[in-house]
Every structure is written in C-alpha cells, then in structure tokens.
Amino acid sequence: MSNKVSFFNLSIYKILSKEQSFLDQARIRLLYYGFFLIFVALGALYLNVYFQNQKMLADTALFLMGAVVVLFKYLTWRPDWRSAAHALLIVGTLVNTSLVYASMQTVNIITVQVIIIVIVFSYYMLGQQWGLMYSLLNTVPVLVFMIIEYNSGYIISIKPNKVDQSTIIISLFANFILLIFIHSHFYTAFLKNIRHLKNSSREQARLYSKMETAIEKAEKSAQVKSEFLSTMSHEIRTPLNAVIGMSNLLMMSNPRPDQRENIEILKFSANNLLAIVNDVLDFSKIESGKVVFENIRFNLVELMNNICGGQILKAEEKGLLFKLDVDSSLRDKVLFGDPTRITQIIFNLVSNAIKFTPQGNIWVRVTCVEDRHNTVTVNFSVRDTGIGIEKENLETIFEPFTQESLATTREYGGTGLGLAIVKRLLELQELQMTVNSTMGRGSEFSFHMEFPVSTEVLPVAVATAPEAKQFSENPLACLRVLIAEDNMVNVMLMKKLLSKWSINPTIAENGERAVEFMQYGNFDIILMDLQMPVMNGFDAAKEIRKMADPKKSSIPIIALTASALFDIKEQVYEAGMNDYVSKPFKPDELLEKLNNYTLNKVG
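What counts as what
Residues numbered from 1 in each chain as written. Predicted model: local features only at pLDDT ≥ 70, side-chain atom pairs only at ≥ 80, totals over all residues. Heavy atoms only, no water. Phe/Tyr/Trp six-rings, centres within 6.5 Å; stacked < 30°, edge-to-face > 60°. Helix = DSSP H or I, 4+ residues; strand = E, 2+ residues; numbered from the N terminus. Lys NZ or Arg CZ within 6 Å of the ring centre and 35° of its normal. Pairing = 2+ DSSP bridges. Axes fitted to C-alpha atoms, helices over the stretch in contact; angles between N-to-C directions. Contact = heavy atoms within 4.5 Å. Buried < 20%, exposed > 50% of the residue type's maximum accessible area, 1.4 Å probe, protein only.

## Some remarks on the packing of aromatic side chains
Considering all chains together, one arrives at 16 aromatic pairs under this definition. When the centroid spacing of 5.3 Å and the interplanar angle of 80° are considered together, the rings of Phe-7 and Trp-77 count as edge-to-face. With a gap of 70 residues between them, Phe-7 in the segment before α1 (22–51) and Trp-77 in helix α2 (residues 55–77) connect regions that are remote in the sequence. Both rings, one in Phe-380 and one in Phe-447, keep their centres 5.1 Å apart while their planes meet at 20°; by these two values the pair is stacked. A residue pair is termed long-range when its members are at least 10 positions apart, and Phe-380 in strand β5 (residues 375–384) and Phe-447 in strand β7 (residues 442–452) qualify at 67 residues. Its guanidinium or amino end placed over the ring of Trp-363, Arg-383 lies 4.1 Å from that ring's centre, counting from NZ or CZ.

## Overview of the sheet that holds strand β11 (residues 557–561)
As summarised here, the arrangement of the 5 strands in space is β9-β8-β10-β11-β12, forming an open sheet in which the pairing is parallel. Here the strands that pair on one side only, and so sit at the sheet edges, are β9 (506–508) and β12 (579–582). Sheet twist, expressed as the average angle between the axes of neighbouring strands with direction ignored, equals 20°. Together, β8 (481–484), β9, β10 (525–529) and β11 form the strand contacts of helix α12 (residues 488–499), whose direction differs from that of β8 by roughly 160°. Lying on the sheet, helix α14 (residues 537–545) is in contact with β10 and β11; it crosses β10 at an angle near 150°.

## Describing unusual backbone geometry
Positive phi outside glycine occurs at Gln-105, with the angle close to 55°. According to the relative accessible area criterion, Gln-105 is buried, its value standing at 11%. A positive phi is found at Val-534, a non-glycine position, where the angle reads about 70°.

And the structure:
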C-alpha cells in the first residue's frame, strides 16, 4: 500500500497491500462494497418515506446517506478500517436508538434486524470486546423501551411516523441482503485464511526441515573443523615439540658460545612458529564461541609477576627498560576470576609492546580503581615508547590478520591475531579496550575489569631453605615413571630430558601396553599421550582407574598431547586424568608437575 493515497482516490486496489492479512483485506472490502449497498438501500428508503411525507424518517435516511458518503471517502483516502467501522457503528447505534425513542416510538421487525446487523458487523469487524460493547449499546436501550411501554406506556410530545408495508418490505429486503453479504464475505475470507495457514504451516515445516539439515551440516562442519585443527595441531606440534625439546636439552648441556648462538636461533625460530600456531588455534576457539571463563581464586600480584617475568627478560635482551607496577592494595587480596584469560590478554599486549618498541620503555600498571570490599575494579594498562599507530588505523588493528600497515608486517612479522584475540576475549566479558597512540611516541592500551574478592587471607610466603631444593631434586632419582608414547622422536626426547633429573622411565608404545605395565608393575606417575594406536590415552586412563588395587587406580596421570581440540581439558578430566600439559611443553613446567604430584608420595 502506498504511503500517500490521493484524496480523489476511489479505487479499492490502492488501499489494499500484501502486508495486510487476509482478514484485514476482507474487512476493507466489506466496508468498501458495504457502503455502496447501504447507500443504495438508504436511497430506496428515502424515496419511499419521502413520498409518504414521513419527514423524520426521510431526514434520518438522508443523514445516513451523507454519513455513508463521508465514511466511504475517508476509507479510500485514509484506509483506516477500524476508525471507519467504529464511526459507522456509532452512527448506526444513535440512529437505531432515535428510531425507537423518537421517530417510530415502537419496536418492530426493522429494529430487530438492524440490531442483528450491528451485532454481526461489530463482532466480525472489531472482535469480541468491541462486539460485546456495541451489542449492549443497541440491545439495552431497546429492552428498556419495551419495559417502559409494557408497564406504563411510552408517550412523548413528538408524533411518531408510521411505516407502511412497502417501507417494511424494502427495509427487510435491504437487511437480508446486508446479512447475506456480511456472512458470505467473511466465510470466504475465513476459508482463504485457513488455506493460507495450512500452506504457511507446510512452508514452515519445509523450512524447519531445511533448517535442521543446515544445522546438522553446520555441526558436522564444525566437528570436521575441530578435528582438522586437532590433527593439524598434533602434526605441527609434534615435530615442534622435538625441535624445542632438543634445543632445551642442548642448552642444558653447557654448549660452547658459538653453539649456544646457533641453538638460541633455532629455539627462537621454533618458538615463533609455535606462537603463530597457538594464535591461530586460540582465535579459532574464540570465534567458535566455545570459550568458557573460569571463576577460580587467584592473587593478582603473583599472576602479574608470573606473566611479566619472562617478558622482562625479552625486554632486557632488546635493551628496553621494563617496569611492572602493581597497586599495593591488591597484594593481600584473593580474587575470583579467570587467570588464564587475563594471562592471555596481558601477554599479548606486552608481547606487542616489546615487539613494536625499538628502544625506550615498557610500563605495565595494575591499579585498583574502586574497592567495595566484596568487589574491586582494576585498571590494566600497558604503555610503550614504540612506533605508535595512526589514528585512522586504531580500529582496524583489532581486526584478525591485520597490522598497522604492510610495512609493519614485513618489518616486525607476526600473524596480526594478538590484538584480535584480546578484543574478542574482552568483548565476551562485555569489556572495552581503550587505545591512546601517537606516531613515533608510543601507545597505551588499557581496560577495566571487575573482580569479586574472596574472604580468604593470603598466607605469608615463607622463604625456602637451600636444603629444600636439594630435597625436591633427590626424590626424583628414584621416581618410577611410565611414559605412554607412540612417537619415537618424542620417546627419545623424553628419555633425554628425564635423564637430566636422574629418572629412568619405562616406555609403553600404546595405551594397551600402558595398562599391561600397570597391571604387572608398580609406578609413581604416568605421562600419557592421548593420540596413540591400538588404545588411546583416554581409554587407557579409564581402564587404569577401574583397577582393583587402590594404589594403582589412584596413580597420578598427566596427559601429554599436541591436540588443539577446544574441550580437551574437559575430556582429560572426564577420563580420570589429573592434569594436562600441552606439547611442546617447557621442561620447568613438567618438572613442577612431577614435583607436585610425587613429592609427598616419594618423600
């Protein structure tokens, strides 16, 4: 329907539109053609009563004809069928009441038929509520009149008009025509509406079936993507694990200065490749919507020291001054949050600051903005004196695989995913990043984060005596370690690494052999690869947990895998394993876990 309809419009097609329902279109047609029928009927009545010198009835008929013309013009100019229907019913109610109480001063068959038409028309056009109201407005006055006339007679000063048989015949004929037209019109509309609903239902069922098929395909596609990422991650990380592991072993063998330089280059390149793989996998995980935020206790000061510890060494190697400033009011607080995601955010921001700062300073500040006892609002800020960012590029740098410029990518390298990961992680927590940057002078990235505060009091750290280190190392010499690993390169790497700690491990080439070794031997800990032939690490862990001997069924199992499946940690814990180390792992990380799970047992 056009927004603008000409005042001189008389066509019904210009006031109908596809946006209107079948019933609304039927209501408009009923009014449009109904006005014509009413006008013709009133014209015939007018001529009949006019020649009979029934002045009041003639004036009433003429008034109604004028009202019909006005309402018809309103409908074709402003197609508001509700207002037109209300106006017609109000006029009809007033005329019906005036006929009973003034013009004819009686209730006859004409009055009854007019009431029936009003009731039917009001219910069809305006629904139950308005239909009931207009029914009462027409029937109650007539009933009251009949009661008055029955009890004491109805006498007023106005002389009533008497209608002859011809007037009654014309009125009855017109009323019958209108009743038939109303019922026929709405019956047809209801049938069309029912057919339309059936067709819509079939179409919805067809679309729903298509949607289910599309969802199933999307789920399969997501599963294939997940498995592809897992496989590619495993295939890429496995040789990387060997390269980084061997470079770590070579570094631990006190190489000559010229050898150390070559090993450092090898290790640096392998770590860069690993960082690229990790960025792609992390971004895929975030984009898939499978990131779940933890809510565990942690101390923010300790966390920031751990995050920035390695970064300080990188900055110093580059000749940069690195300063970490954490608000002292946070020192003794235990917070609830996700330290892993905080680490990911801060690590990416600091890594970028170091990468894009040729000389100068790096500042990392953690400030308590608001302390409400049970919650604290903390501002994290990472500032550098690096190359800076153009104002027009401040938005695009957060897009995936995007850096400040092509020259920046060529000079500094990287995937351009670091800031995209940071932005997505913050947005998932409904947080916003603020960026201030000046070309040639540096950049500052900051954001606010709110944490619930635990009532737990952080224990005071006690200095460890020198003997403690000796104690932590000596028990590992007699540690009985079972390694379940099918890759010979990884087996050789693990043997060489554990030999540095005086550990002689037992090797099982698959999960089934690991279960057999556990049945007939005694071990203190198992390092379990997850993807192995014959029996994988998950099934092997479940079989071990079912063993009758409580010492064997409760043995610590640490999962070792290069997989990138998003829910790998949940799968590890569901299989009954105690912990998880992703390949390529750091020797210090593995040593720490070995100490954590075996120190008390061996001691």
